[in-house]
Amino acid sequence: MDTATCEVDGVGTVVVALSALLFVLLFVLAAVLGCRRPTTGLVGPTAYPIIGTLHAMDGHRDNPFRRFTELARLYGPVYAMTMGSIPCVIVNDYPSIKEVLITNGSKFGGRPNFSRYNVLFAGDRNNSLALCDWSWLQETRRKIARIYCSPKVCSSNYELLDSIASDELEVFLESLAAVTVHDSECEVQVKQPLLMACANMFTRFMCSAQFDYGDHEFQTMVRTFDEIFWDINQGYAMDFLPWLRPFYIGHMRKLSMWSTYIRRFMMNKIVSKRSSYTKAMSAEIDNGYKSRDDDEEEPTDFTDALLINLRKEPRLKMHHVLFELEDFIGGHSAVGNMVMIALSMVATRPHVAQAIRNEAQQVTGGQRLVRLYDKPDMPYTEATLFETLRVISSPIVPHVATEDTTIKGFKISKGTCIIINNYEINTSSTYWEDPNVFDPNRFIHHKPGGKSYIRKPEYFLPFSTGKRTCIGQQLVSGFGLVLLAGILQRYEVKATARLAIPEARMALPPDTYPLIFIPLDGSR
């Protein structure tokens, strides 16, 4: 777990002294009461006063999930840990993970109440879709979003997705052409423009808004989302030892500033300019008055749908609209980081890049760039994205038991944090042949007639599963495929000596390594 540099400002020495005194008092109190193992019947590392079992994670700051896997060899696939003050259960095997996410998913619908999560969402993490406990608000917002996040292939929304993805790919490739030279190896800091392309795909589809890559406010918004995405993918001592918060004052202030900027951008650049916003505000002033034609009004996009539902559902408020937009537009950070890591994978495996080019050539005849509608005929490219997600093993957000329940017959108390170790099931030879080898073909199967198709094993959970599965996974995989294939149609990509692939994390630092781009013949 990350033990970020202590930040002491404002109150200075007084805070340090008081915190030290509090630590001593807590230590003495814990010693008097004794260190009790959680009453689950589960075994696990020995818990000590104050820190619980955090000592077992010492030396594993950058790879906690690898450590969870090591501990599973000692204590079994399901074991107990008290992380600071928080009772936790670590789940490492697929049958137990399935029990948590699917079989008893309704009993594990909560999220941990980390201070960082609350600060990012104006003091209440339940304003977020991903970080909130399950509630009517969660169900209502997911219902509104589903038609836009999971459109059917024959729908007008899917047609719009295809058009936007293709157009934005062209814009991105033009920006890349401006910084590359034919027949030359050009080192490019590609992550930021890649993120801007992804952001425009999301804002164009969900908000009918497109921004220029040179727009400073747009650049800042994209960068801010990426900072938040990186932070959420970290672990901090404060998450499990809340009394350390005085040492993180500066960091918490920064989180609050980031989230405030994003909501201001959403309001000023997207929401406030709409007629549906004016109607929604008028309805709020009139105590939820709804005109007769509200039920017949057709939304022009996802933002309109949210604003129209604001007038239909009195429990929804304007801040819910802004938070939901923030959640979904923020999905572009996941796509951009995923594609950046996938490019990094193929940069050191030229045979994979060439296989993607060959597939694109077969589908397009070399006459155009890949489109979203080509996805069913490009299983190898999609499999490359899945293999990237398998290898990096992006962690699943922890769940929390919302009532007393069980896992594998062991008692789990309400409020217990459940940490899903999908790193174990993604990298174990129990589930995969040659798990240390990057091989997209492991996801490809062949019909009797010879046509290839994607088949994901049930234990592969890149977007989680059950009632809290990622609702935007179709956008992530669709936009990701178009960008990855389109880039490789135009460029050979190589790695620099600074290449650093993360483990158990789908996030790269906002300021990360460059890649080398070489324009292919006929790419201009």
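No experiment lies behind these values; they were computed from the predicted model shown. (Residues numbered from 1 in each chain as written. Predicted model: local features only at pLDDT ≥ 70, side-chain atom pairs only at ≥ 80, totals over all residues. Heavy atoms only, no water.)

Chemist: So, the overall build of the protein chain: which residues are in play, and what are the values?
Modeler: Along the backbone of the protein chain there are 18 helices and eleven strands. In the protein chain, buried positions account for 56% of the 524 residues. In the protein chain, the proportion of contacts linking residues at least 24 apart, taken out of those at least 6 apart, comes to 74%. Total accessible area on the protein chain stands at roughly 22,600 Å², and carbon and sulfur atoms take up 53% of it. (Helix = DSSP H or I, 4+ residues; strand = E, 2+ residues; numbered from the N terminus. Buried < 20%, exposed > 50% of the residue type's maximum accessible area, 1.4 Å probe, protein only. Contact = heavy atoms within 4.5 Å. Areas by Shrake-Rupley, 256 points an atom, 1.4 Å probe, with all protein chains shown as cover.)

Chemist: Let's hear about the sheet that holds strand 1 (residues 78-83): which residues, and what values?
Modeler: Strand order in the open sheet formed by four strands is 1-2-7-4, and the pairing between neighbours is mixed. Each edge of the open sheet is held by one strand with a lone partner, namely strand 1 and strand 4 (399-400). Note that strand 4 and strand 7 (residues 417-420) share two bridges and pair antiparallel. Bridge pairing in strand 7 places valine 400 opposite cysteine 417. (Pairing = 2+ DSSP bridges.)

Chemist: Describe helix 15 (residues 350-364), listing the residues and the values that go with them.
Modeler: Helix length check: helix 15, at 15 residues, gives a terminal C-alpha distance of 21 Å against a target of 21 Å (1.5 Å per residue), a fit within 8%. What helix 15 keeps buried is the set Val352, Ala353, Ile356, Arg357, Glu359, Ala360 and Thr364. Here the buried residues of helix 15 occupy an arc of 160 degrees about the axis, which is enough to place them on one side. In helix 15, the exposed residues that point more than 90 degrees away from the buried face are Pro350, His351 and Gln362. If you follow the buried residues of helix 15, they end up packed against helix 14 (331-347), helix 16 (379-392), helix 18 (473-490) and strand 10 (491-495). The positive-phi residue at the C-terminal boundary of helix 15 is glycine 365, with phi of around 70 degrees. (Expected span 1.5 Å × (residues − 1). Arc of directions from axis to C-beta.)

Chemist: Talk me through the UniProt feature "binding site: heme" (unreviewed entry) in the protein chain; I want residue IDs and the actual numbers.
Modeler: Cross-referencing UniProt, the feature "binding site: heme" (unreviewed entry) maps to Cys470 in the present numbering. Given a relative accessible area of 32%, cysteine 470 falls into the partly exposed group. (UniProt positions renumbered as here; feature names shortened; annotations may be inferred.)

Chemist: Requested: an account of the packing of aromatic side chains, with residues and values cited.
Modeler: In this structure the tally under the stated criterion is 21 aromatic pairs. Counting every residue linked through ring pairs, the aromatic cluster contains Phe386, Tyr431, Trp432, Phe443, Tyr459 and Phe460. Over the face of the ring belonging to tryptophan 432 we find arginine 390, whose NZ or CZ atom lies 5.4 Å from the ring centre. (Phe/Tyr/Trp six-rings, centres within 6.5 Å; stacked < 30°, edge-to-face > 60°. Lys NZ or Arg CZ within 6 Å of the ring centre and 35° of its normal.)

Chemist: So what's going on with the packing of helix 16 against helix 18? Residues and values would help.
Modeler: Two elements in contact, helix 16 and helix 18, have axes separated by 10 Å at closest approach and are oriented at 110 degrees. With respect to helix 18, the axis of helix 16 lies roughly perpendicular. Taken together, the residues of helix 18 that come into contact with helix 16 (itself represented by Thr381, Glu382, Thr384 and Leu385) are Ser477, Gly480, Leu481, Leu484 and Ala485. In the contact of helix 16 with helix 18, the residues fall into four nonpolar, four polar and one charged. (Axes fitted to C-alpha atoms, helices over the stretch in contact; angles between N-to-C directions. Parallel < 35°, antiparallel > 145°, perpendicular 65-115°, else oblique. Nonpolar A, V, L, I, M, F, W, Y, C, P; charged D, E, K, R; others polar.)

Chemist: Could you give an account of helix 7 (residues 191-207), naming the residues involved and the relevant values?
Modeler: Spanning 17 residues, helix 7 covers 23 Å between terminal C-alpha atoms, matching the ideal 24 Å at 1.5 Å per step. The buried count for helix 7 comes to 16 of 17 residues, which makes it a mostly enclosed element. Within two residues after helix 7, serine 208 carries a phi angle of roughly 55 degrees, on the positive side.

Chemist: An account of the sheet that holds strand 11 (residues 515-519) is needed here, citing residue identities and associated values.
Modeler: If you trace the three strands from one edge of the open sheet to the other, you get 3-11-10, paired in antiparallel fashion. Each edge of the open sheet carries a strand with a single partner, namely strand 3 (186-188) and strand 10. Ignoring strand direction, the axes of neighbouring strands in this sheet form an average angle of 35 degrees. Summarising the sheet, strand 10 and strand 11 pair through five bridges and their orientation is antiparallel. Its bridge partner being in strand 11, alanine 495 is matched across the sheet by leucine 515. Of the strands in this sheet, strand 10 and strand 11 are in contact with helix 14, which crosses strand 10 at around 85 degrees.

Chemist: Hey, could you go over the side chain of asparagine 337 for me, with residue numbers and the actual values?
Modeler: Along the polypeptide, asparagine 337 turns up in helix 14. Side chain to side chain, asparagine 337 and aspartate 226 meet in a polar contact 3.1 Å long. Not counting residues up to four positions away in its chain, the partners in contact with asparagine 337 are Lys191, Leu195, Asp226, Phe229, Met506, Ala507 and Leu508. (Polar contact = N/O pair within 3.5 Å; in protein donor to acceptor, adjacent residues only side chain to side chain.)

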